[in-house]
Structures are given as structure tokens and as C-alpha cells.
Amino acid sequence: MAKTRRRLRSSTVVLGGMGMLAAALSACGSDPDRRCVDRDSYDYLNGYKVVADKNCKSGSSGKGKGGKKKTGSSRSVDDADWYYDADVSNGWADSGTFSRSEAVDRGGFGCSGSGSGGG
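Source: prediction; values computed, not measured.

Calculation rules
Residues numbered from 1 in each chain as written. Predicted model: local features only at pLDDT ≥ 70, side-chain atom pairs only at ≥ 80, totals over all residues. Heavy atoms only, no water. Core = buried A, V, L, I, M, F, W, Y, C linked by side-chain atoms within 4.5 Å. Buried < 20%, exposed > 50% of the residue type's maximum accessible area, 1.4 Å probe, protein only. Helix = DSSP H or I, 4+ residues; strand = E, 2+ residues; numbered from the N terminus. Salt bridge = Lys/Arg side-chain N within 4 Å of Asp/Glu carboxyl O. Phe/Tyr/Trp six-rings, centres within 6.5 Å; stacked < 30°, edge-to-face > 60°. Lys NZ or Arg CZ within 6 Å of the ring centre and 35° of its normal. Disulfide = S-S within 2.5 Å.

This part covers the nonpolar core. Residues C36, V51, C56, V77, A80, W82, Y84 and A103 constitute the largest nonpolar core, which totals eight residues. Among the elements that take part in this core, strand β5 (residues 80-84) stands out by supplying three residues, more than any other. Core analysis: the second largest hydrophobic core is formed by six residues, V37, Y48, Y83 and F98 among them.

Next comes the structure, spelled out in C-alpha cells:
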């Protein structure tokens, strides 16, 4: 039996290349994943309690505090802040950073690691 070699069609190669390019570009975005957390809620096993985004200042970069704001319930959040690139599970965020620039510098697939953040 003679071996036959299967040739890939050009459209298959182009589509596969476009998919890899899209993955590389999206992984290097300047906006890392972020969660609004209550800094006063830290638990050694769980991390920080995730609260509603409205408790964090929209433009905060890890330095501003949300102030005394009310969540959907009667509980107030005194010290809410953005927590970047965290592992989130059951309403708790852990293994992240409060520094946006540090989260951007972590990079992803295809990133140089020097950061691409604009602010």
C-alpha cells in the first residue's frame, strides 16, 4: 500500500492562522479581568469577598477606595476596590492583585511581558 499524503486546503490554513492570531491579540488586551472586592473581608482560605461593581470607583486603578456605599442589601462596604486577575470561586476572589499595572504586566499567550496598558 502506498502512503498518500493529505494536503491541507489553503482555506483551512488561513482560518487556523486567523484563530491563533485572534487568541494572541485577545490575551494581550490592556484591560485585565477585574472584580470589585471588600478589602476588609479577607479570609485566609477564600481570599476577598466579591461585592457589586457599583461599590468600586469606575476609573479606579487600585488606588482609590469605593467609600461608604451600600450594596443591594443593607450591608455597607467601607473599603471596596478593584482586584485584578483573581481566581474567583463561590463569590470569593483569591490570588490576584490590587495593582492594575501589575496585572497587565503578567501578560498572556503571545505577550512580551512588558505590558501594553494605556493608563
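So, on to the pattern of salt bridges. Counting across every chain of the model gives two salt bridges. The closest approach of N and O atoms between R35 and D33, which form a salt bridge, is 3.2 Å. Of the residues examined, R35 reaches a relative accessible area of 30% and is grouped as partly exposed. One salt bridge in this structure joins R39 and D81, with 3.3 Å as the shortest N-O distance. Of the two residues, R39 sits in strand β1 (residues 34-43) while D81 sits in strand β5, which places them 42 residues apart along the sequence.

For the structure on display, the rule yields four aromatic pairs. Seen from their ring centres, Y48 and F98 are 5.1 Å apart, and the 80° between their planes marks the pair as edge-to-face. Here Y48, found in strand β2 (residues 47-50), pairs with F98, found in the loop between β7 (92-94) and α2 (100-106); they are 50 residues apart in sequence, far enough to count as distant. F98 matches Y48 in its accessibility class, with the two residues each being buried. On the numbers, 4.7 Å between centres and 50° between planes, the contact of Y83 with F98 is tilted. A residue pair is termed long-range when its members are at least 10 positions apart, and Y83 in strand β5 and F98 in the loop between β7 and α2 qualify at 15 residues. Comparing Y83 with F98, the two get one shared label, buried. Here a set of aromatic residues connected by ring pairs shows up, and it is made of Y42, Y48, Y83 and F98. Across from the ring centre of W82, 3.8 Å away, lies the NZ or CZ of R34, which sits over that ring. Its guanidinium or amino end placed over the ring of F98, R39 lies 3.7 Å from that ring's centre, counting from NZ or CZ.

This brings us to the state of the cysteines. On inspection of all chains with the given rule, the structure shows one disulfide. Paired by a disulfide, C36 and C56 hold their sulfur atoms 2.0 Å apart. As the torsion about the S-S bond is roughly 95°, the C36-C56 disulfide counts as right-handed. On the criterion of sequence distance, the pair formed by C36 in strand β1 and C56 in the loop between β2 and β3 (69-70) is long-range, its members being 20 residues apart. For C36, a relative accessible area of 0% gives the class buried. By relative accessible area, C56 is classed as buried at 5%.

Treat this as a map of the structure, not an account of what it does.
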